[in-house]
Amino acid sequence: VICPSAASDHVPQNRSVMFSSGNRTGFELFEEWWDKSQTVPFYLIAVLLPLLNLKSPSFFAKFNVLGTVSVVYLVFLVTVKAARLGIHLEFSWFTENEFFVPEFRVLFPQLTGVLTLAFFIHNCVITLLQNNRNQENNVRDLSIAYFLVGLTYLYVGVIIFASFPSPPLSKECIEQNFLDNFPSDDIMSFVARIFLLFQMMTVYPLLGYLARVQLLRQFFGNAYPSLFHVLILNLAIVGAGVAMARFYPNIGGIIRYSGATCGLAFVFVYPSLIYMISLHRAGQLTWPALIIHIFIILLGLANLIAQFLL
């Protein structure tokens, strides 16, 4: 593995070591024409823009199922890499160790910003479940889905952290996209990037459909008023995505900023306000309930502010 951020000011990262390397000859031209922030976003416009304009919601839901293949391969990749690298965990409780990773740091709001997006995604899930044939199975299906997703994230995250070779590298070298910790001539990680690209091609149209339903139905009363309306919206969505990929390819920052911003409204403010208004109309609003829900709103506001301070 490699440490792409070895040029930073962190001392452990300055001692980066490449565990596995190969002859990069022949990859220079490929890397020039296939750069994740310089060229690939523009290639994807021709692929994703036509998919976003499709009208059928069932197509997006069924097409998204194909992304499961990517998840299965990522789990397989993590397992194989961990078996080769071994487990690298050192618990130095009473001696100073530069490779020690504390359980608590003041940067923890970065994690809460990401977690807020996980709660905000309920807003999209509800829109998707409206098209299910058997509505009585929504609770069961959603519970199974969240369990499997959580298990996948937990497995990949724990295994990657535990198997990352520290020492000699630092755990701080783990990239936001862990595939960046493998050199470009690593065949398995290259295949994983292709699978991940395929997964994004199945998820992105689904997210575009959810945005279309919530925005166009709100302003025009119809999720598909015309091809012109949908095309203008999709051009704005694709343009924003390409701009972010081109000028700010920082997936962790994007997730926590957007999660904290959207979550402030849909996780902290709106549910609390609606609940307090309903209690007030029923004449059941008490001071303890008012104080608790105001505190929840302030907690969401503090979460948003912390993203820009840390």
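You'll find the protein entered in an unreviewed UniProt entry as Neutral amino acid transporter 9, with Chloropsis cyanopogon given as the organism. What UniProt states about the protein under its Sequence similarities (unreviewed entry) heading is, verbatim, "Belongs to the amino acid/polyamine transporter 2 family. SLC38A9 subfamily."

1. Brief notes about the UniProt feature "transmembrane region" (unreviewed entry) in the protein
On the UniProt side, "transmembrane region" (unreviewed entry) is annotated at positions that read residues 66-87, 107-129, 141-162, 187-207, 227-248, 254-277 and 289-309 here. The straight-line gap between the two end C-alpha atoms of residues 66-87 is 32 Å; of that span, 82% is helix and 0% is strand. What you have in residues 141-162 is 100% helix and 0% strand, and the ends, taken at the C-alpha atoms, are 32 Å apart.

2. Points about helix 12 (residues 287-309)
Spanning 23 residues, helix 12 covers 32 Å between terminal C-alpha atoms, matching the ideal 33 Å at 1.5 Å per step. Turning to helix 12, its buried residues number three or more, namely Ala289, His293, Ile297, Gly300, Asn303, Leu304, Ala306 and Gln307. Considering only its buried residues, helix 12 is in contact with helix 6 (109-120) and helix 11 (251-281).

3. Side note on the nonpolar core
When a protein is soluble and globular, its nonpolar side chains tend to lie buried together. Judged by nonpolar contacts, the single largest core of 19 residues is most densely connected at Leu77, Val78, Phe178 and Ala192. Among the secondary structure elements, those contributing two or more residues to this core are helix 5 (68-85), helix 8 (138-163) and helix 9 (187-220). Ranked by the residues each element gives to this core, the list is headed by helix 5, at six residues. Residue contacts for Ala192: discarding those within four places in its chain leaves Tyr73, Leu74, Leu77 and Leu179. Counting six residues, the second largest nonpolar core, distinct from the first, contains Ala260, Val269, Ile297 and Leu304.

4. Re the packing of helix 6 against helix 11
The geometry of helix 6 relative to helix 11 is characterised by a closest axis approach of 7 Å and an angle of 55° between their N-to-C directions. Relative to helix 11, the element helix 6 is oriented oblique. The hand of the helix 6/helix 11 crossing is left-handed. Residue-level inspection shows Gln110, Gly113, Val114, Thr116, Leu117, Phe119 and Phe120 of helix 6 in contact with helix 11, the latter providing Ile255, Arg256, Ser258, Gly259, Ala260, Cys262, Gly263, Phe266, Val267 and Phe268.

5. A word on the side chain of Asn138
With respect to the helices and strands, the residue Asn138 is situated in helix 8. For Asn138, a relative accessible area of 12% corresponds to the buried category. In this structure, Asn138 is in contact with Leu129 and Asn132, ignoring residues within four places of it in sequence.

6. Considering the environment of Leu111
Mapped onto the secondary structure, Leu111 falls in helix 6. Sequence spacing of Leu111 and Ile255 is 144 residues, and the spatial spacing of their C-alpha atoms is 9.9 Å.

7. With respect to the pattern of salt bridges
Throughout the structure, instances matching the rule amount to three salt bridges. Among the salt bridges present, the one from Asp186 reaches Lys81, with a minimum N-O distance of 2.8 Å. Of this pair, Asp186 sits in the loop between helix 8 and helix 9 while Lys81 sits in helix 5, and the two are 105 residues apart along the sequence. In this pair, the class of Asp186 matches that of Lys81, namely buried. One salt bridge connects Arg140 with Asp141, and the closest N-O pair in it is separated by 2.9 Å. With a relative accessible area of 31%, Asp141 lands in the partly exposed category.

8. A look at the packing of aromatic side chains
A complete count under the given rule lists four aromatic pairs for this structure. Judged by centre distance (4.9 Å) and plane angle (25°), the ring pair of Tyr73 and Phe195 falls under stacked. Linking Tyr73 in helix 5 with Phe195 in helix 9, this pair joins segments that are 122 residues apart in sequence. We classify Tyr73 as buried; its relative accessible area is 15%. When the centroid spacing of 5.4 Å and the interplanar angle of 80° are considered together, the rings of Phe266 and Tyr270 count as edge-to-face. Here Tyr270 and Phe266 lie together in helix 11, a separation of four residues that amounts to about one turn. Residue classification places Phe266 among the partly exposed residues on the basis of a relative accessible area of 39%. The exposure class assigned to Tyr270 is partly exposed, which follows from its relative accessible area of 43%.

9. What to know about the environment of Thr127
Along the chain, the position of Thr127 falls in helix 7 (residues 122-129). Note on Thr127: relative accessible area 9%, which makes it buried. Residues Thr127 and Val213 lie 86 residues apart in sequence; the distance between their C-alpha atoms is 8.0 Å. Contact partners of Thr127, with chain neighbours within four places excluded, come to Leu210, Val213 and Gln214.

Analysis parameters
- Residues numbered from 1 in each chain as written.
- Predicted model: local features only at pLDDT ≥ 70, side-chain atom pairs only at ≥ 80, totals over all residues.
- Heavy atoms only, no water.
- UniProt positions renumbered as here; feature names shortened; annotations may be inferred.
- Helix = DSSP H or I, 4+ residues; strand = E, 2+ residues; numbered from the N terminus.
- Expected span 1.5 Å × (residues − 1).
- Buried < 20%, exposed > 50% of the residue type's maximum accessible area, 1.4 Å probe, protein only.
- Contact = heavy atoms within 4.5 Å.
- Core = buried A, V, L, I, M, F, W, Y, C linked by side-chain atoms within 4.5 Å.
- Axes fitted to C-alpha atoms, helices over the stretch in contact; angles between N-to-C directions.
- Parallel < 35°, antiparallel > 145°, perpendicular 65-115°, else oblique.
- Left-handed = near helix turned anticlockwise from the far one by under 90°.
- Salt bridge = Lys/Arg side-chain N within 4 Å of Asp/Glu carboxyl O.
- Phe/Tyr/Trp six-rings, centres within 6.5 Å; stacked < 30°, edge-to-face > 60°.

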